[in-house]
Amino acid sequence: MIYQKLSEMAAVMGIVLVALAYLAIRGWRSRSASQSKLIAELPGGFEAGDAKQVSDLFYVVTTVAGAPLDRITRFGLGNRGKAKATLSAAGLILDRTGEESLFLEASAIKTVNTASATIGKAVERDGLVVVTWTNGTADFDTYLRVLNQEFRAQLLSEYAISTAKKVG
C-alpha cells in the first residue's frame, strides 16, 4: 500500500518535472524568436589581419546595452563558455567554444568598460570586461572574463575606457 502511494507520487513528480522542463525550453525558444527584431543575424566575419593580441578568456553573456539582466538568447549569445579572442585593427573576434564566432568590427564597437556583475555572474570589482557594440538597429553589451592582464589592458586602452558610466 505504502509502496503504491510512493510510486504514484514519484510518477506525479516525474510528470511535473517533465512539464517544467518543457515550459523552460519553450520559453527560451520563444524569447529567442522574439529577439529576432533586435538581432536578425550575427555580425559578419572579417579577416583579423595582423593580430595585435590573442588570448583565451571566458565568454559570459551578451545582453541588451544598459540592461545587464536582459540576456540575448539568439545564436547562443546567452550561453557561457570558453573563448579565444583576437584583437586587431579590424576589430575583435570572439571564437566561442561550441558556438558561432562573434565578429565585432572596430567601427561597431562603441566602448569597452568594466563591470562587477551581470545576469548569472558576479565577480570582484571591475572583474568583467564589457564590450558595448551596435549592429545598426540595437546596442548590446558583451561580458567577458579576461584573465590575461596584458590582453585586458590592451582591449581597454584600444577602445578608450569610459569611466563616466560604469556598468554593474
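Residues numbered from 1 in each chain as written. Predicted model: local features only at pLDDT ≥ 70, side-chain atom pairs only at ≥ 80, totals over all residues. Heavy atoms only, no water.

This part is about the overall build of the chain. In terms of helices and strands, the chain carries two helices and nine strands. Counting over 168 residues, the chain shows a buried share of 39%. (Helix = DSSP H or I, 4+ residues; strand = E, 2+ residues; numbered from the N terminus. Buried < 20%, exposed > 50% of the residue type's maximum accessible area, 1.4 Å probe, protein only.)

A few words now on the sheet that holds strand 5 (residues 109-115). Here we have seven strands laid out as an open sheet, ordered 4-3-2-1-9-8-5, and antiparallel in their pairing. Looking at the sheet topology across the chains shown, the edges are occupied by strand 4 (102-105) and strand 5. Here the average twist between neighbouring strands, direction ignored, is 30 degrees. Two strands pair when backbone bridges link them, and strand 5 and strand 8 (residues 128-134) are joined in this way by six bridges, in the antiparallel orientation. Opposite V112, over in strand 8, you have V131 as the bridge partner. On top of the sheet, helix 2 (residues 149-158) reaches strand 1 (51-64), strand 2 (81-88), strand 3 (91-96), strand 5, strand 8 and strand 9 (139-145); it is set at about 75 degrees to strand 1, its chief contact. (Pairing = 2+ DSSP bridges. Axes fitted to C-alpha atoms, helices over the stretch in contact; angles between N-to-C directions. Contact = heavy atoms within 4.5 Å.)

Grouped together as the largest cluster of nonpolar side chains are 27 residues, with contacts concentrated most on L92, V112, V131, L144, F151 and L155. Put simply, the parts of the chain that give this core at least two residues each are strand 1, strand 2, strand 3, strand 4, strand 5, strand 8, strand 9 and helix 2. What L155 contacts, discounting residues up to four positions off in sequence, is L87, L92, V112, V129 and L144. Core analysis: the next-biggest nonpolar cluster, separate from the first, contains seven residues, V60, V61, L128 and Y143 among them. (Core = buried A, V, L, I, M, F, W, Y, C linked by side-chain atoms within 4.5 Å.)

We now examine the confidence of the model for the chain. Mean pLDDT for the chain: 84, with 89% of residues reaching 70 or above. Here residues 162-168 is a poorly scored stretch, pLDDT under 50, and it has 14 contacts once near neighbours within four places are set aside; other chains count. (pLDDT = per-residue confidence, 0-100.)

Assignment of secondary structure puts T142 in strand 9. Take T142: its relative accessible area is 0%, and that puts it in the buried class. A polar side-chain atom of T142 sits 2.8 Å from a polar atom in the side chain of W133. Not counting residues within four places of it along the chain, the set of residues in contact with T142 comprises Y59, V61, T62, L94, L102, V129, V130, V131 and W133. (Polar contact = N/O pair within 3.5 Å; in protein donor to acceptor, adjacent residues only side chain to side chain.)

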